[in-house]
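# Survey of secondary and tertiary structure
Take a look at the letters that make up each chain.
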Amino acid sequence: MALTKVTLPNGALFNTTQTFLGAGNLFTPGTVYFVHSGTGSNENNGTDVSTPKSTIAGAQSVATASKGDIVVIMPGHSETLTTGITLSKAGISYVGLGQGLLRPSIQTGAAIDAISITAANVTLSNINFPFTTVDEATAYVNVAAAGATLSGLRMIGSTTSINAVDMITVASGGDDLIVENCVAYNTVTDCVSWLSLEAAVARHVIRNNVIQGQFSTGVLMDEATATLA
């Protein structure tokens, strides 16, 4: 199988957990698509930094499941959602570039799950989720398929009386989930939880996360007796 060599902006390099290590190149058997809301258009092919797609959904529409495709979301990209994004193609990695508040931003503008993962083996990493602009957004990320990885996400539950219900929810089918290196903050109005295991999912790994603030039930809720097997 041939590998595609792609030099990312600023020479960013992935390791196996989709974090960035510095100067270098990315090798993948699939196709790399770029996304930027400021310079992109969904009429573009998205396969070059100079011709990015304008939305994550636009990139997903041309990606191929289970072939190693990667959607690179550029620094400064932003979307405010009134309809959620459903990541429904298996095996695609959605990776944000940038540090701090330059990382891509997805803001929830309705009482919705901002991102729903419904296909297996999807990775979502290095994305900023600022506070919701509409009260009781149901979740910033909902996982309903096996093998998902959430890495390096930054989430704010509330800064005013408007709040998210939960930040991450895990529904039936969300087995073998990894949640790592995420940070979350909540002030003013309690969220119910940072992460709610809503179904009896199995073999989840939750590690190296920093959560600050108050939650009316708890930072981590196991609502249906999650299992090891």
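Here, every reference points to the structure presented above.
Below or above, wherever it landed, is the structure these notes cover. All values reported here derive from a predicted model rather than from experimental measurement.

### Observations regarding the overall build of the protein
- The number of helices and strands found in the protein is one helix and 21 strands.
- Sorting the 229 residues of the protein into buried and exposed places 50% on the buried side.
- Sequence separation of at least 24 residues holds for 73% of the intrachain contacts in the protein that already meet a minimum separation of 6.
- Approximately 9,500 Å² of the protein is accessible, and the part contributed by carbon and sulfur atoms is 52%.

### Details of unusual backbone geometry
- The phi dihedral of Val188 is positive, around 75 degrees, even though this residue is not glycine.
- Along the polypeptide, Val188 turns up in strand β17 (residues 183–191).
- Phi is positive for Arg203, which is not a glycine, with a value near 60 degrees.
- Mapped onto the secondary structure, Arg203 falls in the loop between β18 (193–197) and β19 (205–207).
- Using a relative accessible area of 36% as the deciding quantity, one classes Arg203 as partly exposed.

### A look at the packing of aromatic side chains
- Within this structure, the stated rule accounts for one aromatic pair.
- Both rings, one in Phe129 and one in Tyr140, keep their centres 5.9 Å apart while their planes meet at 10 degrees; by these two values the pair is stacked. Here Phe129 is found in strand β11 (residues 128–129), whereas its partner Tyr140 is found in strand β12 (residues 139–143), with eleven residues between them in sequence.
- On the basis of relative accessibility, which here comes to 0%, the residue Phe129 falls in the buried class.

### Notes on the sheet that holds β12
- Reading across the sheet, the six strands line up as β6-β9-β12-β15-β18-β21 and stay open at both edges, with parallel pairing between neighbours. Strands with a single pairing partner mark the edges of an open sheet, and in this sheet they are β6 (85–87) and β21 (220–222). Strand-to-strand, the axes of this sheet are offset by a mean angle of 15 degrees, without reference to chain direction.
- Pairing of β6 with strand β9 (residues 113–117), which is carried by three bridges, proceeds in the parallel orientation. Across the sheet, the residue bridging to Thr86 is Ser116, located in β9.

### A look at the nonpolar core
- In this structure, Phe129, Val141, Leu150, Met155 and Trp194 are the most contacted members of the largest nonpolar core, which totals 47 residues.
- In this structure Val141 touches Ile115, Ile117, Leu124, Phe129, Leu150, Leu153, Met155, Met167, Ile168 and Thr169, once residues within four positions along its chain are discounted.

### What about the environment of Thr55?
- The residue Thr55 is located in the loop between β3 (32–35) and α1 (56–62) in this model.
- For the pair Thr55 and Ile73, spaced 18 residues apart in sequence, the C-alpha separation works out to 8.9 Å.
- The contacts of Thr55, once residues within four sequence positions are left out, are Val35, Asn42, His77 and Glu79.

### Topic: the sheet that holds strand β7 (residues 93–96)
- Strand order in the open sheet made by the seven strands is β3-β4-β7-β10-β13-β16-β19, with parallel pairing throughout. Only two strands of the sheet have a single neighbouring strand rather than two, namely β3 and β19. With direction set aside, neighbouring strand axes in the sheet form an average angle of 10 degrees.
- As judged from the three bridges shared by strand β13 (residues 149–151) and strand β16 (residues 178–180), these two strands associate in the parallel manner.

### Details of the pattern of salt bridges
- Following the criterion strictly, the structure yields two salt bridges and no others.
- Across the pair Arg203 and Asp176 runs a salt bridge whose closest N-O atoms are separated by 2.7 Å. Pair noted here: Arg203 is in the loop between β18 and β19 and Asp176 is in the loop between β15 (166–170) and β16, with a separation of 27 residues, a long-range link.
- Here Arg207 ties to Glu180 by a salt bridge, and the two come within 2.8 Å at their closest N and O atoms. In this pair, Arg207 sits in strand β19 while Glu180 sits in strand β16, placing the two residues 27 residues apart along the sequence.
- Judged by relative accessible area, which is 37%, Arg207 ranks as partly exposed.

Here is what the cut-offs are and how they apply
- Residues numbered from 1 in each chain as written.
- Predicted model: local features only at pLDDT ≥ 70, side-chain atom pairs only at ≥ 80, totals over all residues.
- Heavy atoms only, no water.
- Helix = DSSP H or I, 4+ residues; strand = E, 2+ residues; numbered from the N terminus.
- Buried < 20%, exposed > 50% of the residue type's maximum accessible area, 1.4 Å probe, protein only.
- Contact = heavy atoms within 4.5 Å.
- Areas by Shrake-Rupley, 256 points an atom, 1.4 Å probe, with all protein chains shown as cover.
- Phe/Tyr/Trp six-rings, centres within 6.5 Å; stacked < 30°, edge-to-face > 60°.
- Pairing = 2+ DSSP bridges.
- Axes fitted to C-alpha atoms, helices over the stretch in contact; angles between N-to-C directions.
- Core = buried A, V, L, I, M, F, W, Y, C linked by side-chain atoms within 4.5 Å.
- Salt bridge = Lys/Arg side-chain N within 4 Å of Asp/Glu carboxyl O.

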